[in-house]
Amino acid sequence: MATVELRFSAQPEHVRTARLVAAAVARRAGVDEAVLDEVRLAVGEACSRAVGLHRSHGVTTPVRVVLTEEEKTFSIEVGDEVPGAGVAAADAVGVPGARSAAPAEEFDDVDGEDEMGLAVIRGLVDDVEVSAGEEGGVLRMTWPTTPAAVIP
């Protein structure tokens, strides 16, 4: 299992770098060429979402992107350090620091953008998992890979 980890400050200009790295690693891992644009777009949305969450909540720690190549799959995890972020309001009940517990007017625009970003990601990627806890949220996306042909 090969892993690449990328950390970047929560600045929108770094999202492009994450997209480029993700596409390069996905190609090397054996993700179908026809899917690479979807990988780029999904990673861009996930990283933009994490950057937005960090900035709107005043979190100064880096956004974390982990790209993992396994035997038949390639996965990308985008992690933020916003407690309770990344889950729908109904799922966030009881999560300390969840946005649902904060004053609604404080996060109205962010919640709309967050939900739109998640909808776009779910439209691009068949296998998406979103989780959150006290340590922050993780959005995990997985694609199948094609094993490299062995030339005798």
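Up top you'll find the structure we're talking about.
Residues numbered from 1 in each chain as written. Predicted model: local features only at pLDDT ≥ 70, side-chain atom pairs only at ≥ 80, totals over all residues. Heavy atoms only, no water.

A. Layout of the pattern of salt bridges. Taken as a whole and judged by the stated rule, the model has six salt bridges. Across the pair Glu33 and Arg27 runs a salt bridge whose closest N-O atoms are separated by 3.0 Å. Residue classification places Glu33 among the partly exposed positions, given a relative accessible area of 49%. Owing to a relative accessible area of 42%, Arg27 belongs among the partly exposed residues under this scheme. The partner of Glu77 in a salt bridge is Arg140, and the shortest N-O contact between them spans 2.9 Å. (Salt bridge = Lys/Arg side-chain N within 4 Å of Asp/Glu carboxyl O. Buried < 20%, exposed > 50% of the residue type's maximum accessible area, 1.4 Å probe, protein only.)

B. Structural context of helix H2 (residues 36–56). Between its first and last C-alpha, H2 extends 30 Å over 21 residues, near the 30 Å set by a 1.5 Å rise per residue. Burial in H2 covers these residues: Leu36, Val39, Ala42, Val43, Gly44, Ala46, Cys47, Arg49, Ala50, Val51, Leu53 and His54. Remark: Gly58 follows H2 within two positions and exhibits a positive phi of approximately 70°. (Helix = DSSP H or I, 4+ residues; strand = E, 2+ residues; numbered from the N terminus. Expected span 1.5 Å × (residues − 1).)

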